[in-house]
Amino acid sequence: MALHIHNSYSRKKEIFESITPGHVGMYVCGPTVSGESHLGHARPYVSFDIVYRYLTYKKYKVRYVRNITDAGHFEEEGREAEDKVSKKAQLEKLEPMEMVQKYTNLFHWAMKQFNCIEPSIEPTATGHIVEQIGMIEDIIEKGFAYEVNGSVYFDVKKYAANYDYGKLSGRVIEELLDSSNRENLTRDLEGQQEKKDAADFALWKAAPAEHIMRWKSPWGEGFPGWHIECSAMATKYLGPQFDIHGGGMDLLFPHHESEIAQSTICNHTAPVKYWMHNNMITINGRKMGKSYNNVIKLTELFSGNHPLLSQPFHPMTIRFFILQSHYRSTLDFSNEALMSSEKAFKRLWEAFEVLKKLSFEKNETATDSELDTKINTWLNEFEEFMDDDFGTPRVIANMFEIAPVINSLKDGLIPATAIKSETLELMKNKFADFLENIFGLKNMDESNNELLSPVMQLLLDIRKEAKSKKDFATSDKIRNQLIEMGIVIKDDKDGNTSWGVA
RNA sequence: GGUCCUUUGGCCGAGUGGCUUAGGCAAAGCUCUGCAAAAGCUUCCACAGCGGUUCGAAUCCGCUAGGGACCUCCA
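Residues numbered from 1 in each chain as written. Chains lettered and ligands numbered in written order. Predicted model: local features only at pLDDT ≥ 70, side-chain atom pairs only at ≥ 80, totals over all residues. Heavy atoms only, no water.

**Overview of the overall build of chain A**
No. 1: Within chain A, the regular secondary structure consists of 16 helices and 15 strands.
No. 2: Taken along its principal axes, the extent of the C-alpha atoms in chain A is 90 × 50 × 35 Å.
No. 3: The long-range share in chain A, meaning contacts at least 24 apart out of those at least 6 apart in sequence, stands at 74%.
No. 4: For chain A, the accessible area works out to roughly 23,500 Å², and carbon and sulfur atoms hold 50% of it.
No. 5: Averaging the positions of the 59 positive and the 73 negative side-chain charges in chain A gives two centres separated by 3 Å. (Helix = DSSP H or I, 4+ residues; strand = E, 2+ residues; numbered from the N terminus. Contact = heavy atoms within 4.5 Å. Areas by Shrake-Rupley, 256 points an atom, 1.4 Å probe, with all protein chains shown as cover. Lys, Arg positive; Asp, Glu negative; His and termini not counted. Charge placed at Lys NZ, Arg CZ, Asp CG, Glu CD.)

Right, here's the structure in full:
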């Protein structure tokens, strides 16, 4: 089965065929670094990390571009028409670039915690003012934008007369153009008057005097409009047409719709072959976002320092939590759900560790051919499920089918001869490929360091001796005290004892 | 108000026109164990309501009810 991707543009699953054989160009809308990332931000970056990793697994050479929006998104229709970044900077008494750097660093740190692979190129909006201005000039020249009082607007009505504006987001153009249909626009919005039509959007905004971030342009000092950076940078690094553009569903309109319009005018072609949108993370059924005041920041999640959290959560728990649902479904967050994921992930990972150590003599025929066949089916479905629009939850379900088999093989509850050696090898390969390489998961327990291991071994030896003398007071003391320190020891069936962090 | 989406067992979450017992967590029982923990086995068989299409629907269609997203910065 070939890879199928749900294309938001057609609202259907389509067979994935890259524009250039063997290569994939992928652009994902990155963070606005005017504040700390929260749980909601984790979803797209983990989801598209999986896409990136899976495409790589499928032998594609992927150029993965993810921008940093450090010029801020401008509230072009906002009450005070001010730059989010500059406003907060004043509150915090920081240089705008200092603050932007701070949150960029924090974002990178969080991505590393999540074990997300760095994008191939991570362009910044401030670093591409020239390209953005160039693109705007081009659009004006082609007659699809106009200047008013130092600002430049895209002429949506003219565009819509020639192209399919609104298709991606399912908008009806007449409705957008007829402002009386939109209650929100009955408010008195600044800057609205200078537009030819309410549906027009800004390509360039003249900067008010108090605006800190500003650049010279053919239209005076100002700053780039809301959508142009992605069009400019995607075009620069991926060309006029590229394979995948990703982002959150909330960006469908107007952001991505506008991107299509801008790029189409400049490049005479629709920019993106496959649009992918991840769904939102909700909390008590409501989207997590600043406007709802229900944000849990990543630092709070990792530290457990939040009223809704009973404990800290490891980044891998969160990653696993995200993978347990499909990227196009809403995912409802709760402390309980995360605790459940933590436990599940631990169990799965331990089974994986056990699997890596299993080694049996060569066995050409399975005495339990039914089991052997089942395992092979489960394993082969890994790729089949991923090919079906990245069905990570189903892959995980299959892994949990196999986990008891692994543990039983280790404990001898299932004899080694039950399955073929090659089946065991396939298990090892598939688990390593999918858990580590594609899902990007890794061990939560990093305490297995060189200093601690021999010390633990010593303790376990002493305990073993005590047990053999039926000195349970000593053996229990060791076990209980270790538990207090957060280390759990487990007596295995083969007489050995393993340990790990609780 | 407009457009679109969604509604699955105690909780989280896949899934599809006719055996998937999806899976996880929680709970209960059992096995193992000096006792634990871990592990294994077993139990818990849901698909908002009402109609319709069909030989057959949780899965398709319609209506009703609830929830949500977007229309404004938003992952």
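Next comes the rest of the account.
**Focus: the packing of aromatic side chains**
No. 1: Under the counting rule described, the total for this entry stands at 23 aromatic pairs.
No. 2: A ring pair is formed by Phe154 and Phe201, whose centres lie 4.9 Å apart and whose planes are at 10 degrees; its orientation type is stacked. Of this pair, Phe154 sits in strand 6 (residues 151-154) while Phe201 sits in strand 7 (residues 201-206), and the two are 47 residues apart along the sequence. An identical accessibility class is assigned to Phe154 and Phe201; each is buried.
No. 3: For the pair Trp349 and Phe352, a centre-to-centre distance of 5.1 Å together with 75 degrees between the ring planes defines the contact as edge-to-face. Taken together, the positions of Trp349 and Phe352, both in helix 11 (residues 335-357) and three residues apart, correspond to about one turn of that helix. There is no split in this pair, since Trp349 and Phe352 are both buried.
No. 4: Within the aromatic cluster, the residues linked to one another by ring pairs are Tyr54, Tyr57, Phe320, Tyr327, Phe345, Trp349, Phe352, Phe382, Phe390, Phe431 and Phe434.
No. 5: One cation-aromatic arrangement involves Arg328 over Tyr327; the distance from NZ or CZ to the ring centre is 5.9 Å. (Phe/Tyr/Trp six-rings, centres within 6.5 Å; stacked < 30°, edge-to-face > 60°. Buried < 20%, exposed > 50% of the residue type's maximum accessible area, 1.4 Å probe, protein only. Lys NZ or Arg CZ within 6 Å of the ring centre and 35° of its normal.)

**With respect to the pattern of salt bridges**
No. 1: Counting across every chain of the model gives 21 salt bridges.
No. 2: Glu122 is paired through a salt bridge with Arg66; the nearest N and O atoms lie 3.4 Å apart. In this pair, Glu122 sits in the loop between helix 3 (96-113) and helix 4 (129-141) while Arg66 sits in strand 4 (residues 61-66), placing the two residues 56 residues apart along the sequence.
No. 3: Owing to a relative accessible area of 26%, Glu122 belongs among the partly exposed residues under this scheme. (Salt bridge = Lys/Arg side-chain N within 4 Å of Asp/Glu carboxyl O.)

**Some points on the sheet that holds strand 6**
No. 1: Strands sit in the order 5-6-7-8 across an open sheet of four strands; the sheet is antiparallel. Each edge of the open sheet carries a strand with a single partner, namely strand 5 (145-148) and strand 8 (222-224). Taking each pair of neighbouring strands and ignoring which way they run, the sheet shows an average axis angle of 20 degrees.
No. 2: Direction of pairing for strand 7 relative to strand 8: antiparallel, over a ladder of three bridges. (Pairing = 2+ DSSP bridges. Axes fitted to C-alpha atoms, helices over the stretch in contact; angles between N-to-C directions.)

**A word on the confidence of the model for chain A**
No. 1: Confidence along chain A averages 89 in pLDDT terms, with 92% of residues attaining 70 or more.
No. 2: Contacts for the low-pLDDT stretch residues 73-82, under 50 throughout, to residues beyond four places or in other chains number 31 contacts.
No. 3: Every residue in residues 179-190 is under pLDDT 50, and counting partners more than four places away or in other chains gives 18 contacts. (pLDDT = per-residue confidence, 0-100.)

**Considering the domain arrangement of chain A**
No. 1: The assigned domain composition of chain A is domain 1 (19-278), domain 2 (286-438) and domain 3 (452-501).
No. 2: Between the C-alpha centres of domain 2 and domain 3 the distance comes to 28 Å.
No. 3: In this assembly, four residues from domain 2 lie in contact with four residues from domain 3.
No. 4: The junction of domain 2 with domain 3 conceals about 310 Å² of combined surface from both sides, 40% of it contributed by carbon and sulfur atoms.
No. 5: If you sort the residues of domain 2 by the area they bury against domain 3, Glu350, Lys410 and Asp411 come out on top, with a joint share of 80%.
No. 6: Counting the contacts that link domain 2 with domain 3 gives two salt bridges.
No. 7: Residues Lys410 and Asp492 are paired through a salt bridge, measuring 3.7 Å at the closest nitrogen-oxygen approach.
No. 8: Where domain 2 meets domain 3, there are one residue pair in polar contact (both at pLDDT 80 or more).
No. 9: Listed by contribution, the elements that provide at least two residues to the side of domain 2 that touches domain 3 are helix 11 and helix 13 (392-411).
No. 10: Along the lines of polarity and charge, the residues of the side of domain 2 that touches domain 3 split into no nonpolar, no polar and four charged. (Domains from an automatic or database assignment. Buried area = accessible area lost by both parts, 1.4 Å probe. Polar contact = N/O pair within 3.5 Å; in protein donor to acceptor, adjacent residues only side chain to side chain. Nonpolar A, V, L, I, M, F, W, Y, C, P; charged D, E, K, R; others polar.)

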